[in-house]
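Secondary and tertiary structure notes
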Amino acid sequence: MIVVTGATGNVGGELVRLLVAAGEQVTAVSRRTAPFPEGVRHVTGDLAEPASLKASFDGADALFLLVAGEDPQAVLEAAKAGGIRRVVLLSSQGAGTRPEVYAHPVAFEETVRGSGLEWTILRPGGFDSNALAWAEPIRAHRTAAAPFGDVGLPAVDPADIAEVAAAVLREDGHAGRTYVLTGPRPVTPRERAAAIGAALGAQVRFAEQTREEARAQMRRFMPEPVVEGTLAILGTPTAAERQVSPDVEHILGRAPRTFADWAARNVAAFR
């Protein structure tokens, strides 16, 4: 059995579906319920409260773990006690490129590596689904706003992350590996807005924000250090952050999905 934390999220929800389709028994862990596929066992739990997760680990041997909560050691101890032997951590590319800013995922990675379990770490860059922040303004007035309109980054489709996670959870040969997950090429915010417009069959106007405008918006839902780190990645990415990783293709045997693929699948959110 495989335990999936964050089972209602962009990655977790798709991962549950893929694992069930592959014939795996799945325990979905989330703070709220959802219409999971038939046969999925759901446990209400919160990574911020490790004691709430203990029941989810009974009879399971693999765990998909998010970076959430403040005590990864307690989570992994409960997992080991329940029989988990393999853990796949969804971390962040920033843990490798800007560890001083992304201290939270760094702490989770260190704990996973020292857990005594068979581990694999996934470090995605930005998610294509971050463009859902534009859904309301695009629906309302066909406008998308972002800073650094002509700086491209190889954001990754959450569906590709889920597919990689499913492979790593089910296959041998990935123990002790850290994979960086990106899309097939860097795409600028201006290009992402145009791709959504193409999927809609309507022009979407791109409005470039100043750094201060973007900072004020991000502060509503991000802690200050993460805001500054995110702005740095978006505006002055390092060579590593611009680079297209081969890891998705290596694991899945195909190229990563494009942002246009993601936009076409999710166009209903922008109508």
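Scroll up a little and you will see the structure.
First, a word on what this report is: a plain description of the structure on this page. (Residues numbered from 1 in each chain as written. Predicted model: local features only at pLDDT ≥ 70, side-chain atom pairs only at ≥ 80, totals over all residues. Heavy atoms only, no water.)

1. Structural notes on the overall build of the chain
- Scanning the chain from N- to C-terminus turns up twelve helices and nine strands.
- With the C-alpha coordinates of the chain rotated into their principal frame, the extents come out at 55 × 40 × 35 Å.
- Burial analysis of the chain (271 residues in total) assigns 51% to the buried set.
- Taking as baseline every contact in the chain between residues at least 6 positions apart, the subset at least 24 positions apart corresponds to 71%.
- For the chain, the exposed surface amounts to about 12,200 Å²; the carbon and sulfur share of it is 50%.
- Taking the 28 positively charged and 32 negatively charged side chains of the chain as two groups, their mean positions are separated by 4 Å. (Helix = DSSP H or I, 4+ residues; strand = E, 2+ residues; numbered from the N terminus. Buried < 20%, exposed > 50% of the residue type's maximum accessible area, 1.4 Å probe, protein only. Contact = heavy atoms within 4.5 Å. Areas by Shrake-Rupley, 256 points an atom, 1.4 Å probe, with all protein chains shown as cover. Lys, Arg positive; Asp, Glu negative; His and termini not counted. Charge placed at Lys NZ, Arg CZ, Asp CG, Glu CD.)

2. A look at the pattern of salt bridges
- Counted according to the given criterion, the structure contains 19 salt bridges.
- In this structure, the salt-bridge partner of Glu191 is Arg185, at a minimum N-O distance of 3.9 Å.
- The exposure class of Glu191 is partly exposed, given its relative accessible area of 35%.
- Residue classification places Arg185 among the partly exposed residues on the basis of a relative accessible area of 44%.
- Notably, a salt bridge pairs Glu224 with Arg219, separated by 2.9 Å at the nearest N-O pair.
- Under the relative-accessibility criterion, Glu224 is labelled partly exposed at 36%.
- Residue classification places Arg219 among the partly exposed residues on the basis of a relative accessible area of 46%.
- Among the charged side chains, a network of salt bridges with common partners joins Arg85, Arg86, Glu118 and Asp172. (Salt bridge = Lys/Arg side-chain N within 4 Å of Asp/Glu carboxyl O.)

3. Quick notes on the packing of helix H2 (residues 72–81) against helix H4 (residues 103–113)
- Where H2 meets H4, the closest approach of the two axes is 9 Å, and the angle between their N-to-C directions is 35°. The way H2 lies across H4 gives a crossing that is right-handed. Side by side, H2 and H4 meet where Pro72, Gln73 and Leu76 of the first sit next to Ala107, Phe108, Thr111 and Val112 of the second. (Axes fitted to C-alpha atoms, helices over the stretch in contact; angles between N-to-C directions. Left-handed = near helix turned anticlockwise from the far one by under 90°.)

4. Focus on the packing of aromatic side chains
- One pass over the full model with this rule turns up two aromatic pairs.
- Counting every residue linked through ring pairs, the aromatic cluster contains Phe259, Trp262 and Phe270. (Phe/Tyr/Trp six-rings, centres within 6.5 Å; stacked < 30°, edge-to-face > 60°.)

5. Side note on the environment of Arg265
- Residue placement: Arg265 occurs in helix H12 (residues 259–265).
- When the C-alpha positions of Arg265 and Ala199 are compared, they lie 8.8 Å apart, and in sequence the two are 66 residues distant.
- Leave out the neighbours within four places in its chain, and Arg265 touches Asp157, Ala159 and Arg257.

6. Some details on the nonpolar core
- If you look at the biggest cluster of nonpolar residues, it comprises 31 residues, and the most contacted ones within it are Val4, Leu15 and Phe64.
- Sorting the residues of this core by element identifies strand E1 (2–5), helix H1 (10–21), strand E2 (26–30), strand E4 (62–66), strand E5 (86–90), helix H6 (158–170), strand E8 (177–181) and helix H11 (247–252) as the ones contributing at least two each.
- When neighbours within four sequence positions are excluded, Leu15 is seen to be in contact with Val4, Phe64, Ala162, Ala165, Ala166 and Leu169.
- Membership of the second largest hydrophobic core comes to 20 residues, among which are Val3, Ala60, Leu63 and Ala79. (Core = buried A, V, L, I, M, F, W, Y, C linked by side-chain atoms within 4.5 Å.)

7. Some details on helix H8 (residues 211–218)
- Where H8 is concerned, the buried positions are Ala214, Arg215 and Met218. Each buried residue of H8 sits inside an arc of 100° when the element is viewed along its axis, so together they form one side.
- Where the residues of H8 are buried, they touch strand E7 (143–147), strand E9 (205–209) and helix H9 (224–235). (Arc of directions from axis to C-beta.)

8. What to know about the side chain of Thr230
- Looking at where Thr230 falls in the secondary structure, it is placed in helix H9.
- For Thr230, the residues in contact, after removing those within four places along its chain, are Tyr102, Met218 and Met222.

9. Description of unusual backbone geometry
- You will see that Arg142, though not glycine, has its phi angle at about 55°, which is positive.
- Residue position: Arg142 is located in the loop between helix H5 (135–141) and E7.
- Positioned with a positive phi, Phe148 is a non-glycine residue whose angle comes to about 55°.
- Locating Phe148 in the fold gives a position in the loop between E7 and H6.

10. Considering the environment of Arg32
- Note that Arg32 resides in the loop between E2 and strand E3 (41–44).
- According to the relative accessible area criterion, Arg32 is exposed, its value standing at 52%.
- Along the backbone, Arg32 and Ile233 are 201 residues apart, and their C-alpha atoms lie at a distance of 32 Å.
- Look past the residues within four positions of Arg32 in its chain and what remains in contact with it is Thr8 and His42.

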